[in-house]
Amino acid sequence: MEVCVATIGMIHSDTGGLRLNREWNRRQRHQVRTLSTFRISNSASTTPSTSSALLLGKPSLGSSAMEQLDIERGVCIPFRKYTPETVRNKVLESRGAILSLLARGAQIVWNLGFYWSALTYDCLVGRDEEVVPYRARQLRNLLCDLGPSFIKAGQVLANRPDIIREDYMNELCILQDDVPPFPNQVAFAIIEDELGQPLEKVFSKISSQTIAAASLGQVYRATLRETGEDVAIKVQRPGIEPIIYRDLFLFRTLASFLNGISLQKLGCNAELIVDEFGEKLLEELDYTLEARNIEDFIENFKNDPTVKIPRVYKKLSGSRVLVMEWIDGIRCTDPQAIKEAGIDVNGFLTVGVSAALRQLLEFGLFHGDPHPGNIFAMRDGRIAYVDFGNVAVLSQQNKQILIDAVVHAVNEDYVEMANDFTRLGFLASGTDVSPIIPALEAIWQNSSGKGLSDFNFRSVTGKFNQLVYQYPIRIPERFSLVIRSLLTQEGICFTLKPDFKFLEVAYPYVAKRLLTDPNPALRERLIQVLFKDGVFQWKRLENLIVLAKENVAKMNNNPALQVKNRSMNWQVQKKLDLTDTIRDGARMFLVDAGIRRQLLMAFTEDSKLHIQELFDVYRLVQDEIDVSSVALEVLRDLPEVTREFMLSWSESVLSDR
């Protein structure tokens, strides 16, 4: 694992430290905004505890669960808003705070104890299965009564099949869209307090009803008096922070008592689950952090003409109020309105899936809550996202392992697929994966064995949920967000097109990325895909090219690309550009003796020259290749390639001696 030593003295703002872990993950995309860090290799003698000591400049007070989070991420977090110690100090800072904590604890124990006794009675009288719908509904209402932390916990549990059964999960999903609002006069007072001036001085108009209400805040529509622009105002629930800190302390205390049972019965660390939840919750509570998330999404998609991210009015925003550009779009669950707007549904679906996969595999910053109220279709064909408080952050290591998992799925390498689960943190390090391999093979073959048209992401997830109960699998919080996000977006796609097939859209994007991305790691994975058991897969190469061309064609059908008055810096790919791939392939052929041997064998397999296969591949790409550009790129690299070839040759000669 890589560890980093940060210049702590530079972190003097309230939010600067919170951003360091995100900046580290995204430093290649945001060089200007990267904080000063130094990377050092983690030697065999460096343990997680000594790593933490290096980061903080003193012995770590953090728990092993927090250290495990850092190990899984493969990144360093020298300062964070959430730690068990921070929460404890905040809650126990005064005698009044302790009394408040005791009162809150008594309230929670009474309500949850009463509910638990009802469940126990159901089991004793043998009616536990028949009353499940009622008890699930009762649990949802109970969480609403207990307040924001429990509503948020219910939303998290709605995506944790490793913790709660499916029928309860389905009921808790309602919490993601249906939360009672708090009074307007309270919300308006918070906005005025944050702005430091009366509402009427800033806004000429503000809606009398909330546009949306969530666990931590609610949204109004308003018009700026100065410019006449429509904006969305997100305002936080009053007095929410002390409640959340108290609840997190109680959650963590309970988890410490239940940790042994949790590890034995569920195979997961209860403290780790609470720490993941607490870290995400406190991040979401800070609207200045959400504003920065929005800025990151804008930066990521700045050259993509098919994605719309609302801008933030930073001068009008703070830690409790966020003012954003109003998105005048069509809800993605209204297929009739989308068709009436003249938007090509197939093209729009391609845009949506490609945008989601770019977030997951390219940026490492993923919208964690894309429910129908947070995704819109713009009338010019773009897809628009709102609400960036809940995001999943994936390290470079996580992204590469996910791409590896795709490659292993294509190659039907179920042993490595099982190992990917360990590398991603679904299984504890050292877990024997051999019992899981047959189950993974059965799930994948049953889901995709009849072709891409029969693949359904929800059915695969359902089968995987069953696997979670049989094996010691824990779904890390960031991946539970990813799974929920993909499921939600697939559900939206089904609404727009009932016969929608996820892989028919996802595979073309992955194929294009494997063929065209200049990342050396992806070049290596392309080779893994093209060679199976040492045999070159000509048909697979043809399929990749066909799928990649299909992705480009579908993206070009989007109306957003047809608008003439777009900024000229938007990058629109009219055809599949294989220039870099061919150039890098030529370099590898000349420099890498192993690749050269494999490719030569591919041309001469079965004691014949595969001229026809080569011609078939060329026929697929001849319209996509600018021969003069490719030749120019190869000539430009020739001196460097020649040097590398000579070095490689001399090393091989010396090693033979």
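Scope of this entry: the structure provided in the associated data block.

Scoring rules and cut-offs
Residues numbered from 1 in each chain as written. Predicted model: local features only at pLDDT ≥ 70, side-chain atom pairs only at ≥ 80, totals over all residues. Heavy atoms only, no water. Buried < 20%, exposed > 50% of the residue type's maximum accessible area, 1.4 Å probe, protein only. Helix = DSSP H or I, 4+ residues; strand = E, 2+ residues; numbered from the N terminus. Pairing = 2+ DSSP bridges. Salt bridge = Lys/Arg side-chain N within 4 Å of Asp/Glu carboxyl O. Phe/Tyr/Trp six-rings, centres within 6.5 Å; stacked < 30°, edge-to-face > 60°. Lys NZ or Arg CZ within 6 Å of the ring centre and 35° of its normal. Contact = heavy atoms within 4.5 Å. Axes fitted to C-alpha atoms, helices over the stretch in contact; angles between N-to-C directions.

Bringing the pairing of strand β8 (residues 321-325) into the picture now. Most of β8 sits out of view: five of its five residues are buried. Relative to β8, strand β6 (residues 230-236) is paired through five bridges, and the arrangement is antiparallel. Looking across to β8, one finds that K234 is bridged to L322.

With that settled, the discussion passes to unusual backbone geometry. The phi dihedral of D387 falls on the positive side, at around 65°, and the residue is not glycine. For D387, the position within the fold is in the loop between β12 (383-385) and β13 (391-393).

Moving on to the pairing of β6. On any regular strand, side chains alternate: one points to one face of the sheet, the next to the other face. Burial runs high along β6: six of the seven residues are buried. The antiparallel pairing of strand β5 (residues 217-224) with β6 creates a hairpin that spans five residues between the two strands, and G228 there sits at a positive phi of about 80°.

A complete count under the given rule lists 23 salt bridges for this structure. With a closest N to O distance of 2.9 Å, R127 and D122 form a salt bridge. Taken together, the shared-partner salt bridges connect D122, R127 and R135 into one network.

Another point: the packing of aromatic side chains. Following the criterion strictly, the structure yields six aromatic pairs and no others. Relative to F388, the ring of F297 lies with its centre 4.8 Å away and its plane at 50°, an arrangement referred to as tilted. Of this pair, F297 sits in helix α13 (residues 287-300) while F388 is found in the loop between β12 and β13, placing the two residues 91 residues apart along the sequence. Look at F301 and F363: their rings are 5.1 Å apart centre to centre, the planes differ by 85°, and that puts the pair in the edge-to-face class. Highlighted residues: F301 in the loop between α13 and β7 (307-308) and F363 in helix α15 (residues 345-363), separated in sequence by 62 residues. Of the two residues, F301 and F363, both sit in the buried class. Above the face of the Y245 ring, K90 is positioned so that its terminal group lies 5.3 Å from the ring centre.

A word on the sheet that holds strand β9 (residues 330-331). Taken in spatial order, the four strands make up an open sheet running β7-β12-β11-β9, and their pairing is mixed. In this open sheet, the two edge strands, each paired with only one partner strand, are β7 and β9. Pairing analysis gives three bridges linking strand β11 (residues 375-377) to β12, with the strands arranged antiparallel. When the bridges of β12 are listed, I375 appears paired with Y385. Across the face of the sheet, α15 comes into contact with β7, β11 and β12 while running at roughly 40° to β12.

Before going further, it helps to spend a moment on the environment of K539. By the secondary structure assignment, K539 is in helix α23 (residues 538-556). Between the alpha carbons of K539 and D616 there is a distance of 9.7 Å; along the sequence they are 77 residues apart.

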